[in-house]
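# Architecture and fold: a report
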Amino acid sequence: MRDIQSAAVIGSGIMGSGIAAHLANIGIPTLLLDIVPNELTKAEKEKGLSLSNRAVRNRLADEAIKKLFKQKPAPLTKKENAGLITAGNLEDDLEKLSQVDWIIEVVVENLDVKKQVFEKVDAHRKAGTIVSSNTSGISVEAMAEGRSDDFRKYFLGTHFFNPPRYLKLLEIIPTKDTLPEVVDYMKTFGEDVLGKGVVEAKDTPNFIGNRIGTFGLLQTVQVMLKDGYSISEVDSVTGTLIGRAKSATFRTLDVVGLDTFYHVANNVYNNVEGEEKEKFSFPDFMKKMVEKGLLGSKTKQGFFKKEGKEILQLNPETLEYEPRQKLQAPSIEMAKQAKRSERLKTLVYADDRAGQLLWNTMAPSFIYSAEKVGEIADNIYAIDQAMKWGFGWEQGPFESWDSIGLEKSVAKMEEEGKTVPQWVKDMLAAGHTSFYKKENGKLHYYDNGTYVQVADNPKVIHLATVKQEKEVIKKNSGASLIDLGDGVLNLEFHSQNNALGLDTIQMINNAVDEIEQGDYRGLVIGNQGKNFCVGANLALMLMEAQDDNFFELELTIRQFQDAMMRIRYAKKPVVAAPFQMSLGGGAEVAMPAARIQASSETYMGLVEVGVGLIPGGGGNKELYRRLLERMPKGVNFDLQQVANKTFELISMATVSTSAHEAQQNGFLSSDDGISFNGDHLLYDAKQQVIALSEQGYRAPQRKKLPVVGETGYGTLLMAAKTMQYSGYVSDHDVLIASKLAYVIAGGRLPFGTEVDEQYLLDLEREAFLSLLGERKTQERMQHMLVKGKPLRN
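This report concerns the structure included in the present document. Computed from a predicted model, the values in this text were never measured in an experiment. (Residues numbered from 1 in each chain as written. Predicted model: local features only at pLDDT ≥ 70, side-chain atom pairs only at ≥ 80, totals over all residues. Heavy atoms only, no water.)

### Looking at the overall build of the protein chain
Defined as follows: Numbering goes from the N terminus for both helices and strands, where a helix is a DSSP run of H or I of at least four residues and a strand is a run of E of at least two. Two things to know: the radius of gyration comes from C-alpha atoms, and the globule rule equals 2.2 Å times the number of residues to the power 0.38. In this scheme, a residue with accessible area under 20% of its type's maximum is buried, one over 50% is exposed, and one in between is partly exposed, where area comes from a 1.4 Å probe on protein chains only. Only heavy atoms matter for contacts: two residues are in contact if any of them lie within 4.5 Å across the pair. Here the accessible surface of atoms and residues is derived via Shrake-Rupley with a 1.4 Å probe, and residues count as covered only by protein chains that are part of the display. Charged residues are defined here as Lys and Arg on the positive side and Asp and Glu on the negative side; His and the ends of the chain fall outside this count. By convention, the charge on Lys lies at NZ, on Arg at CZ, on Asp at CG and on Glu at CD.
Scanning the protein chain from terminus to terminus reveals 34 helices and 25 strands. Taken over the C-alpha trace, the protein chain has a radius of gyration of 29 Å; the compact-globule value for 793 residues is 28 Å, and the two agree within 12%. A principal-axis box enclosing the C-alpha atoms of the protein chain has dimensions of 80 × 70 × 60 Å. Looking at the 793 residues of the protein chain, the share that counts as buried comes to 54%. Pairs at least 24 residues apart make up 69% of the contacts formed inside the protein chain by residues separated by at least 6 positions. Carbon and sulfur atoms make up 49% of the accessible area of the protein chain, which totals about 34,600 Å². Side-chain charges in the protein chain split into 94 positive and 105 negative, and the spacing between the mean points of these groups amounts to 4 Å.

### Details of the sheet that holds strand β4 (residues 102–105)
The pairing of strands in a sheet comes from backbone hydrogen bonds and takes either a parallel or an antiparallel form. The condition is simple: Any two strands between which DSSP finds at least two bridges are classified as paired. Simply put, an axis is a line fit to the C-alpha atoms, just over the touching stretch for a helix, and the angle between two N-to-C directions goes from 0 to 180 degrees.
In space, the eight strands of this open sheet follow the order β3-β2-β1-β4-β5-β6-β7-β8, with mixed pairing throughout. The open sheet has two edge strands, β3 (85–89) and β8 (197–200), and neither has a second partner. Put simply, the sheet's adjacent strands are angled 25° from each other on average, direction ignored. Of the pairings in the sheet, the one linking strand β1 (residues 7–10) to β4 comprises four bridges and is parallel in character. Bridge pairing in β4 links Ala7 to Trp102. Strand contacts of helix α18 (residues 380–391): β7 (169–174) and β8, with the helix running at about 140° to β8, the strand carrying the most contacts.

### With respect to the pairing of strand β18 (residues 522–525)
Our working definition: Handedness of a crossover: with both strands directed away from the viewer, a clockwise path from the first strand across the helix to the second marks it as right-handed.
The alternating pattern of β18 places Gly522 and Val524 on one face and Leu523 and Ile525 on the opposite face, and all of these are buried. Of the strand pairs in this sheet, strand β17 (residues 488–493) and β18 are connected by four bridges, and their pairing is parallel. Bridge pairing in β18 places Leu489 opposite Leu523. Since β17 and β18 lie parallel, the crossover through helix α23 (residues 502–517) that links them has a hand, and here it is right-handed. Across three bridges, β18 lies against strand β19 (residues 574–576) in parallel orientation. By the bridge assignment for β19, Ile525 is matched with Ala576.

### Observations regarding the side chain of Ser17
Stated precisely, the cut-off is as follows: Polar contact is the term for a pair of N or O atoms within 3.5 Å; when the atoms are in protein, one must be able to donate a hydrogen and the other to accept it, and sequence-neighboring residues count only if both atoms are side-chain atoms.
Tracing the backbone shows Ser17 in helix α1 (residues 14–26). A polar atom in the side chain of Ser17 sits 2.8 Å from the backbone oxygen of Gly13. Of the polar contacts made by the side chain of Ser17, one reaches the backbone oxygen of Ile14; its length is 3.3 Å. Among all residues touching Ser17, those that are not within four sequence positions of it are Gly11, Ser12, Leu32, Ala64, Leu68 and Gln71.

In structure tokens:
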């Protein structure tokens, strides 16, 4: 079977163009096709174009590509990726389908339309070309009816979740004719290349994620209506409090679009019978919302509506908007104080409005999930993974059921007259009291009377499991040093929010000592928290500054800078593995590394100006050095432009929206790697260490850096002064900018003077500490800590 090197996407709507963008982000050239318009737009008429003009015939796909630049969240990891997408149409460009390795159909959810598309595809594809449908719930088997034998062997469902760049789930749905090797290839391709969490689903209405998710949402609506909860009361307890997405229930529906959800729910309703059919009946008030165009974000009003600065909620009875209110209940406060693993149990058994809401929504969802095992998926593990990857849940339904106590919950369900699936009762009768258990450090799930081990994936490293299997080498409150095997160590940050403090600095030094003195190949700096690192401990710095402890602060900043230099000049390779937010000190830890292996979703920037500071751990110097190293060797270049770019990125607190953008901004070099599957990040970083070691790694030689000096300082400062005169920035902003400009320029030296790194670090430290002593900076720090957003003063 040939590798997928090129693709065609048929259908250029939000989903089709989003899939094309995701393929382009990965580097796969993609043909985007749509139907030929049957009438001219006003603009086309004014230009004198006709329906036969190529620009008109490709209009739908062309416009879809242009919209990619405006959509939020951004489908493209960098704008240039759009150059890999070629627009076309389904009449002039069908022959081009013979040149691609994968054809994905993403047209309207109508079986007849899809079959017509596949008839054309079958006539033009090359034998052995994989063809798939992105249907969210129509029978894949029915789509393949009437197609050639070769088409049917290479045909399957590949259901991406929207938006394709960000949501991890990819459901693979084979037909009875799909070759097993095609299924295996697409699973591997989906995980390793597309970066997805792949689950094999059965060809049933809405597959796994949308079947369970739709049931749970409709069940929540029914409980809300029956027991008199408001929309915002429901959302206040069905989000992050119970390990679900921040958008909870109704905000999620607003984002998805109520018309889309109506279609998804109806697809199940029209394809099931009996009691199950009623469970997917769409509530009357929601039908009226669709009729009135109250569809959510796309119409700027749905279950919520923003008026001025206030967000209002819909009253389901009157369909009028009213002020929001959160659900108040003792169990909510108790849950907030409980361990994360105990929160759900604390809530669902509580005899208050929060407990009753969650029990009455979750218990039926647990039962329904259990009823569908074997019908929509082979096992409980596939269902759990689908719900976590597709909906952002921390735990799937069976993991959640375990967390509240299986025996206790089943007893309560039966007391209330609920029908628990027989296989669950048989499991309990056999003495098995949980769906999951660990044996010899390996996770197992219950399946048909026995426990089956979750298959090991060598590319997925779980640090928690590694720490259980091997003794932690060194540890303190801020970080742990772990042996990943094959001569590679990992330094894991685990302070609150992975903030950097003296404990972390100590462990960085310990880690470098360990790899240099021991029989190791090198070090990975990576963790599996919510974010890689959001910077230094701001509260601690503010407290020390307000207590006038500048001697201790100076010592701490110097130690931080020294630790970063140890990373840079370690005798063995250090590879940083940033992901998600890698801000301030997080970027400063990553940039000195021999290599960065970043998750594709890495949001990196030096953001200290937001709290009235400049980078203090070497960030100014490192970004300037990295931008200098991008300049062509042996060719004269404009040094002032390098200084200007460094100043701009830091003074504007520019944060990349992807690893690709971080590379464009200079935080990553062309030698650094990007992992599209975040679950593979530590594995990829480990392989980088091994490769560097096998290549005979040598620490970089210390080199002096040319600076723009006094004249360059004036140029940098002029930009800030101009903004001040225009009223865009305050006096304090200009003070911060002047300190930053002085550091980047290298002080009052002649233009082009070469200075060593320590000289720039000393300037940086001095400027950082002087700003830290400013009252207005301390006010900005305090405001950020209390309000979570910058203060302009």
